[in-house]
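The residues making up each chain are set out below.
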Amino acid sequence: MLITSSLTRRNISRVKPQSFSFFSSSIEVELPKFKVHRLEESELPTKATTTKSELLNYYKDMALMRRVEIVSDMLYKNKWIRGFCHLYDGQESITVGMEAALTMEDHIINAYRDHTTAMGRGHTSYQIIAEMMQRSTGSSKGKGGSMHYYSSKNNFYGGNGIVGAQVPVGTGVAFGIKYEGKKQVCVSMYGDGAANQGQIYEAANMAGLWKLPIIYTCENNKYAMGTSVERHAHNTDFYKRGDLIPGIRCEANNVFAVRELYKWGKKYCTDGKGPLFFELQTYRYHGHSMSDPGITYRTREEVTEYRKTQDPILLVKKWILEHDIATEKYLKEIDKEIRARIDEEVEQIKNDPMPAPEELMTEIYEGQETEKPYIRNVDMISSINKNFE
Amino acid sequence: MFLRNAYRKSHASTKRFFASVAVDYDFSETPNLDEIHLKSPKKKTKINLCTAIRDAMDTAMETDDSSIHFGEDVKFGGVFRCSVGLLEKYGNDRVFNTPLCEQGIAGFAIGTACSGATTIAEMQFADYIFPAFDQIVNEAAKYRYRSGDEFNCGSLTIRTPCSAVGHGAHYHSQSPEAYFAHTPGLVLVMPRSPIQAKGLLLSSIRSKDPVIFFEPKALYRIAEEEVPDEDYEIPLGQAEVLTEGSDVTLVGYGIQMRKLILAAEMAKKDGISCEVIDLRTILPWDADTVEQSVKKTGRLIVSHEAPITNGFASEVSSKIQERCFLHLEAPIKRVCGYDTPFPLVYEPIYLPDQYKVYEAIKQTVNF
Ligand SMILES: Cc1ncc(C[n+]2csc(CCOP(=O)(O)OP(=O)(O)O)c2C)c(N)n1
Ligand SMILES: [Mg+2]
């Protein structure tokens, strides 16, 4: 089941396929070699098959995801978005590949760089941007802002601001899966910097002991804030850091490598073989957050070079062109369509209301919604439930 | 609908308020020469709080070869640029980045401190100090006591940016001092201004007890003062009376002092005379100074950003009630954050601003 294609249908429906035969032959893609730890390389897939429509959908999904980040960047600079905001552009193939292998019955928990992950779990671009702009139409009613996306319906546990904290939580979720005998997997995501937090290994030890269906997923985007992996990690082979737990390193700019890896991993876990450590090699284009220009600790050339040679969207585009699935012009039209669509959404979001001030006091404890506390506002006149006058 | 409009309005007035605090209102002070002993009081430079912190670390490292500074990204200055230039001056051995692991950083810092290095560790944000909670509370605070002073980590200082910043939301805004104020053995300090920051940080680094030095991050850039260039210390454990008054005592620390000063000025126009006290050191705190003041004014208001329940204001209120019961003319009031997580969009409503303090002053005086 591809949430991604429904996402695309919802968001860019007006672009109609032109005169291509969509469902004809399947296309074979060779996968980059995986690196393995405590596994045989021969166990892993080497090829993926895809179709024309699938490739085009991947393109649309990733282009949409990227556009959301670019627009967020602009909105932030124009002060429409406040707070701390971390963008995911450059890493889109991870969400799309992973979601193509998993179902909404599977579980995902992530850190704070999660706008795109949330889109993969069914949030619309509208909800994502509205949340960042602190509108009640946002994913978390505008109460969280960037970082704070969740979906109980689609088993997405957030959106966690404290680096590393989500990993043991995911391990508990995996225990729940096993306890209930379900054929599901939990993907617990963290960064290369987070890989230095002790609680990850406390959690992995439990998962190893109890053979839990969890894939510890380290998104190695080469930097933790301004510190490169060589300078923050003694062992930079993040896929080996589960010790006795088998691990795999994947060139994650390739959406098919990610997809096939997670298909394989899900089978491994649901077969009851226990946890896995995946290292997804990727790259973030933006700085760490909006206050980081992203070029003081790495060169502009490094970023440009990656964009030019390894960009996950360009890779999909290359396949599309190679297999004559669509013309460059057609892809440009998709981009244009997405652009227009998001611009339209942003204009609408600007008129959406902020959450009502009473909500300051709700959702801290169960059942608080019915209470009517006195809230002293900045100007007395607008205070809530004032017991004077 | 009414509420929404009202909220929009309040949003606008908050913006005006911040603008006025940042631009119009001059909070700069001259050093209190009774307390700060200066050799050359004329030599001073206008710097902000961030630079004052840097200046203090520079002075500490220059005067003490055994001092080291580390934390996440501090080599490049840290996220707030408070340690810019220290690497160039003192080199890799003394100024270095750690991996992202707060519990490890705190434990490591205790180790370097108890083995002789004057240790200045940074926790990137006070919101991220919690993974280090065990090390600080169980290891650092109790080292002297549990070892019969075989070991202590008195040369440890943990610096951490705290409190609201306008848009920090849940994980970049918290003021966690009260959690640590429940821990004998720790010293907690929070400065209100650049002059204070430099002198208090130097004392903290040189103190023989482990100190957590909370830096109100909203002040890093906006608070500017003529700070003495030389090496000076401001004593720990001593509150400071900023304005003398006769009707009501206002007690706070850190950025909250600005709100208290503004409220006191509003009250002055109504003919109410406020005595404003900055605790500066939150633990162990200077109850004597507050007691003296309250015995004179008969009224007390304590204020901080952190949530009201079990915030440090509770401690101040209860101890002063014990000491001053027969002098009190009105119940002691606390003006603090609400008992909620630190909010994103509601920050202006959440914060105990000068209007809330002013309202409390009126209520207390008219009790
Ligand atoms: C416990 C904790 N410490 C510090 C931070 C501040 N911080 C947020 S992200 C980050 C770097 C994380 O890098 P990495 O894990 O590689 O993830 P990436 O940002 O590259 O996605 C830091 C230091 C935090 N949020 N939580
Ligand atoms: Mg990283």
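Definitions and cut-offs
All chains use their own residue numbering, which begins from 1 and follows the written sequence. The order in which chains are written sets their letters, starting at A; the order in which ligands are written sets their numbers, starting at 1. The predicted origin of the model limits local features to residues at a pLDDT of at least 70 and limits the giving and counting of side-chain atom pairs to 80 or more, whereas totals for whole chains, interfaces and linings rest on all residues. By convention in this description, side-chain values take in all heavy atoms of the structure and omit both hydrogens and water. UniProt positions are given in the numbering used here, feature names are shortened, and annotations may be inferred rather than shown by experiment. Two strands qualify as a pair provided DSSP detects at least 2 bridges between them. A run of H or I in DSSP becomes a helix once it reaches four residues, and a run of E becomes a strand once it reaches two; helices and strands are each numbered from the N terminus. Lines are fitted to the C-alpha atoms to define the axes, a helix being fitted only along its stretch in contact, and any angle between axes, read from their N-to-C directions, falls within 0 to 180 degrees. We call two residues in contact whenever any of their non-hydrogen atoms come within 4.5 Å of each other. Only protein atoms enter the 1 Å grid used here. Points where a 1.4 Å probe fits but cannot escape make up a cavity, open sets with protein on both sides within 12 Å along at least five of seven lines make up a pocket, and a residue lines them when an atom lies within 4 Å of a point. Grid points are joined across faces, edges and corners, and a volume is the space filled by probe spheres set on the points. Side-chain classes are defined by residue name, with Ala, Val, Leu, Ile, Met, Phe, Trp, Tyr, Cys and Pro counting as nonpolar, Asp, Glu, Lys and Arg as charged, and the others, Gly among them, as polar. Using a 1.4 Å probe, buried area is obtained as the accessible area two parts lose upon being combined, added over both of them. Here, a salt bridge means any Lys or Arg side-chain nitrogen found within 4 Å of an Asp or Glu carboxyl oxygen.

As recorded in an unreviewed UniProt entry, chain B goes by 3-methyl-2-oxobutanoate dehydrogenase (2-methylpropanoyl-transferring) and comes from Euplotes crassus. As recorded by UniProt, the Subcellular location (unreviewed entry) comment attached to chain B reads in full: "Mitochondrion matrix". Listed in UniProt under the heading Catalytic activity (unreviewed entry), the comment for chain B reads: "N(6)-[(R)-lipoyl]-L-lysyl-[protein] + 3-methyl-2-oxobutanoate + H(+) = N(6)-[(R)-S(8)-2-methylpropanoyldihydrolipoyl]-L-lysyl-[protein] + CO2".

Chain A has the name Pyruvate dehydrogenase E1 component subunit alpha in an unreviewed UniProt entry, where Euplotes crassus is given as its organism. UniProt annotates chain A under Cofactor (unreviewed entry) with the comment "thiamine diphosphate".

1. With respect to the sheet that holds strand β9 (residues 240–243) of chain B
Residue and element names in this part refer to chain B. Spatially, the five strands line up as an open sheet ordered β9-β11-β10-β13-β14, and their pairing is mixed. Strands with a single pairing partner mark the edges of an open sheet, and in this sheet they are β9 and β14 (333–337). Taken over all neighbouring pairs, the strand axes of this sheet differ in orientation by 25° on average, direction set aside. Across five bridges, strand β10 (residues 248–252) lies against strand β11 (residues 274–278) in parallel orientation. Counterpart to Thr249 in the pairing with β11 is Glu275. Contacts between helix α14 (residues 354–365) and the sheet are confined to β10, β11, β13 (300–307) and β14, with β14 contributing the most and set at about 165° to the helix.

2. With respect to the layout of surface pockets
Residue and element names in this part refer to chain B. In this model, the second largest pocket occupies a volume close to 620 Å³. Around the second largest pocket, the lining is made up of 25 residues, and of these Ala178, Tyr179, Thr309, Asn310 and Gly311 lie nearest the centre. Counting only elements with at least two residues in the lining of the second largest pocket, the list comes to α7 (177–181), β13 and α12 (312–324). By residue class, the composition of the lining of the second largest pocket is twelve nonpolar, ten polar and three charged.

3. Quick notes on the sheet that holds strand β2 (residues 35–37) of chain A
All names here are of chain A. Across the sheet, which stays open at both edges, the six strands sit in the order β2-β9-β10-β6-β5-β4 with mixed pairing between neighbours. Here the strands that pair on one side only, and so sit at the sheet edges, are β2 and β4 (107–109). The average undirected angle you get between the axes of adjacent strands in this sheet is 20°. Judged from the three bridges that link them, β2 and strand β9 (residues 247–251) form a sheet pairing that is antiparallel. Counterpart to His37 in the pairing with β9 is Gly247. Sheet contacts for helix α3 (residues 92–101): β4, β5 (186–191), β6 (214–220) and β10 (276–281); angle to β5, the most-contacted strand, approximately 170°. This element, helix α9 (residues 255–270), spans β5, β6, β9 and β10 of the sheet and lies at about 175° to β10.

4. Here we look at the interface of chain A and chain B
At the junction of the two partners, chain A supplies 44 residues and chain B supplies 41 residues. Note on chain A versus chain B: buried area summed over both sides is about 3800 Å², and carbon and sulfur give 65% of it. Summed over the shared surface of chain A and chain B, the number is zero salt bridges. Here the side of chain A that touches chain B is built from residues that sort into 21 nonpolar, 15 polar and eight charged.

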